[in-house]
Amino acid sequence: SMKPTPISFYSLKQEIDELSLDPAAKLGLRLAFSAIGLQFIVIALFWYRLPPEVPLLYSRAYGKAQLVNGFWLWFLPLLTLALELISIRLAAKARVDHQLWSQILAWLGAIIAAMGLTTLIKIVNLMV
């Protein structure tokens, strides 16, 4: 039976430790967590220099429609972290039977985190 396991920090740490046994997955995890950490640092460093509204919704028409309250910038690293945790969860489940799939998921988290960091740096560069 496929019962969902409750998410705890202990189970998450176990999954990260397990994934870290694979050098390729370990590098992906390191890059992902580094990029997520850097996102938080970039926002914290430039927070007081940012205007009240920043462009975040790039899919909307150019101009005022793209602007959101600066607090929404914190959504970027939080979303990236949530996606990374989901990818860790899936990669840990796949690790035993499908090592390549597990590695791909670990790297997918790193790519998403790098894209989040790049987006954030571009936004901050425009505003500061």
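Predicted model, so just to flag it, every value in this text is computed and none were measured.

### Some points on a nonpolar patch on the surface
Here is step 1: A surface patch of nonpolar side chains, amounting to about 570 Å² of accessible area, comprises Trp72, Phe75, Leu79, Leu83, Ile86 and Leu90.
Here is step 2: For Leu79, the location among the structural elements is in helix α3 (residues 75–94).
Here is step 3: Residue classification places Leu79 among the partly exposed residues on the basis of a relative accessible area of 38%.

### Digging into the nonpolar core
Here is step 1: Core analysis: the biggest nonpolar cluster contains 18 residues, and Leu56, Leu73 and Leu120 have the highest contact counts within it.
Here is step 2: Broken down by secondary-structure element, the contributors of at least two residues to this core are α2 (23–46) and α4 (99–127).
Here is step 3: If you tally residues by element for this core, the top one is α4, at six residues.
Here is step 4: Those residues within four positions of Leu120 in sequence are excluded, and the remaining contacts are Gln39, Val42, Ile43, Leu73 and Leu76.
Here is step 5: Counting residues in hydrophobic clusters, the runner-up holds six residues, among them Leu12, Leu29, Ala91 and Leu105.

### Examining the packing of α2 against α4
Here is step 1: As a packed pair, α2 and α4 sit with axes 8 Å apart at the nearest point and diverge in direction by 20°. What the angle tells us is that α2 and α4 run roughly parallel. In the crossing of α2 with α4, the sense of the turn from one axis to the other is left-handed.
Here is step 2: Among the residues forming the contact of α2 with α4, the class breakdown is 19 nonpolar, five polar and no charged.

### Thoughts on α4
Since the α-helix turns once every 3.6 residues, residues separated by three or four places project in the same direction.
Here is step 1: Between its first and last C-alpha, α4 extends 43 Å over 29 residues, near the 42 Å set by a 1.5 Å rise per residue.
Here is step 2: Regarding α4, the residues found buried are Ser102, Gln103, Leu105, Ala106, Gly109, Ala110, Ala113, Gly116, Leu117, Leu120, Ile123 and Val124.
Here is step 3: Packing partners of the buried residues in α4 comprise α1 (9–19), α2, β1 (53–55) and α3.

Criteria and thresholds
Residues numbered from 1 in each chain as written. Predicted model: local features only at pLDDT ≥ 70, side-chain atom pairs only at ≥ 80, totals over all residues. Heavy atoms only, no water. Patch = residues over 30% accessible without salt bridge, like charges linked within 9 Å, V, L, I, M, F, W, Y side chains within 5 Å. Areas by Shrake-Rupley, 256 points an atom, 1.4 Å probe, with all protein chains shown as cover. Salt bridge = Lys/Arg side-chain N within 4 Å of Asp/Glu carboxyl O. Helix = DSSP H or I, 4+ residues; strand = E, 2+ residues; numbered from the N terminus. Buried < 20%, exposed > 50% of the residue type's maximum accessible area, 1.4 Å probe, protein only. Core = buried A, V, L, I, M, F, W, Y, C linked by side-chain atoms within 4.5 Å. Contact = heavy atoms within 4.5 Å. Axes fitted to C-alpha atoms, helices over the stretch in contact; angles between N-to-C directions. Parallel < 35°, antiparallel > 145°, perpendicular 65-115°, else oblique. Left-handed = near helix turned anticlockwise from the far one by under 90°. Nonpolar A, V, L, I, M, F, W, Y, C, P; charged D, E, K, R; others polar. Expected span 1.5 Å × (residues − 1).

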